[in-house]
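Listed below, chain by chain, are the residues.
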Amino acid sequence: MISKQLQSSLASALGSPIKKSSPLGGGDIGDSFRAELDDGRCVFIKTARHAAYDLFEKEAEGLAWLDEAKAIRIPKVLTASKASASTPGFIALEFIEQGPSSRDHDEKLGHGLAKLHTYKTEHYGFTSSNYIGSLDQSNAKHLLWIDFYREERLMPMIKLAQEKNLMPASVQSKLDEVLGALDALCGPERGPARLHGDLWSGNAISDEKGDPVLIDPAVYGGHPEIDLAMMKLFGGFSSRCMDAYQEINPLDPGYEERVPLYQLYPLLVHVNLFGSAYLSSVERSCDELL
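Since the structure is predicted, the reported quantities are computational estimates derived from the model, not experimental observations.

### Considerations on the overall build of the protein chain
Regarding its fold elements, the protein chain presents 10 helices and 11 strands. Each principal axis of the C-alpha distribution contributes one length, and for the protein chain these read about 60 × 45 × 35 Å. Within the span of the protein chain, comprising 290 residues, buried residues form 52% of the whole. Taking the contacts inside the protein chain whose residues are at least 6 apart along the sequence as the reference set, 66% of them involve residues at least 24 apart. Here the protein chain has roughly 13200 Å² of accessible surface; of this, 50% comes from carbon and sulfur atoms.

### Digging into the pattern of salt bridges
Working definition: two side chains of opposite charge can pair if their charged atoms are close together. Applying the stated criterion to the full structure yields 22 salt bridges. The partner of glutamate 107 in a salt bridge is arginine 240, with the nearest N and O atoms 3.6 Å apart. Here arginine 240 lies in helix 8 (residues 239-248) and glutamate 107 lies in helix 3 (residues 105-118), a separation of 133 residues in the sequence. Looking at arginine 240, the relative accessible area reads 30%, which means it is partly exposed. In this structure, the salt-bridge partner of glutamate 247 is arginine 240, at a minimum N-O distance of 3.0 Å. We classify glutamate 247 as partly exposed; its relative accessible area is 48%. A cluster of three or more residues bridged by salt bridges with shared partners is formed by Arg73, Glu94, Asp207 and Glu208.

### Structural notes on the nonpolar core
Across soluble globular proteins, you tend to see nonpolar side chains buried next to one another. Core analysis: the biggest nonpolar cluster contains 73 residues, and Trp145, Tyr149, Leu154, Leu175, Leu261 and Leu264 have the highest contact counts within it. Here this core gets 10 residues from one element, more than from any other, and that element is helix 9 (residues 255-274). In contact with tyrosine 149, not counting residues within four places along its chain, are Leu154, Ile226, Leu261, Tyr262, Leu264 and Tyr265. Of all hydrophobic cores here, the second largest spans 12 residues; its members include Leu14, Val43, Ile45 and Phe90.

### Considerations on the packing of helix 7 (residues 225-233) against helix 8
Between helix 7 and helix 8, the shortest axis-to-axis distance is 12 Å and the interhelical angle comes to 170°. When the axis of helix 7 is compared with that of helix 8, the two are roughly antiparallel. Together, Leu228, Met231 and Lys232 of helix 7 and Cys241, Met242 and Tyr245 of helix 8 make up the contact between the two elements. Grouping the amino acids of the contact of helix 7 with helix 8 by side-chain chemistry returns 5 nonpolar, no polar and 1 charged.

Parameters at a glance
Residues numbered from 1 in each chain as written. Predicted model: local features only at pLDDT ≥ 70, side-chain atom pairs only at ≥ 80, totals over all residues. Heavy atoms only, no water. Helix = DSSP H or I, 4+ residues; strand = E, 2+ residues; numbered from the N terminus. Buried < 20%, exposed > 50% of the residue type's maximum accessible area, 1.4 Å probe, protein only. Contact = heavy atoms within 4.5 Å. Areas by Shrake-Rupley, 256 points an atom, 1.4 Å probe, with all protein chains shown as cover. Salt bridge = Lys/Arg side-chain N within 4 Å of Asp/Glu carboxyl O. Core = buried A, V, L, I, M, F, W, Y, C linked by side-chain atoms within 4.5 Å. Axes fitted to C-alpha atoms, helices over the stretch in contact; angles between N-to-C directions. Parallel < 35°, antiparallel > 145°, perpendicular 65-115°, else oblique. Nonpolar A, V, L, I, M, F, W, Y, C, P; charged D, E, K, R; others polar.

Structure, rendered in structure tokens:
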């Protein structure tokens, strides 16, 4: 249930009271609702009492940044708020009625993602730090991809795993070797692309027409192979999607060999979020690279 206090905050922000709401499934961090407003609008609301105070403002900022490219459907942000002492943070988005995927859904997803990645940004990084799941994600700006990936992606997650006593010496040794070999492993510079940043299959849904929609991003300017490596990590995306991507934005030679490198970041995130069960996958990725 949406508390009366939160309903009041939402009504003020949306310009209309909530007539009725119903909970929706999914989400590891907070609670989601479908809400009907007195003015006839239907909205998607997400809130979390124990999340970072600015989590939903950062999500709203990321969604708007992706939507600037007009490359693929992104939910429209209606309002978002930081948490306060009395009210949890929240975000309200246009409600997207999900439907079965259309025949050309995978092609549209591949083309749309490629167009998003070709809508460039000036630096690797972002205007501010944000979150990957519930973890802090540093987005300090860099001019070179190798520096950004080492200093803002791999090293912070390795350090966090060490602080949590989740990093065995044997895995640490292999990660040190990978860090030392990044010059040879990272591949050519492509210039910073607008990344979704957390593109597993649950964050690519189908709308009422069966067309693709990207949700729940962890955005930054980065190498496009990051999003593609994440898509391959847990599956759920077809070969047609990947082929369609390359029709718009062909990948550099050696892309397949770099997949384990760019899966290391989400794997280390999973170690820090869910524990040591993911260490074997981290070690396997290192072995494939060394």
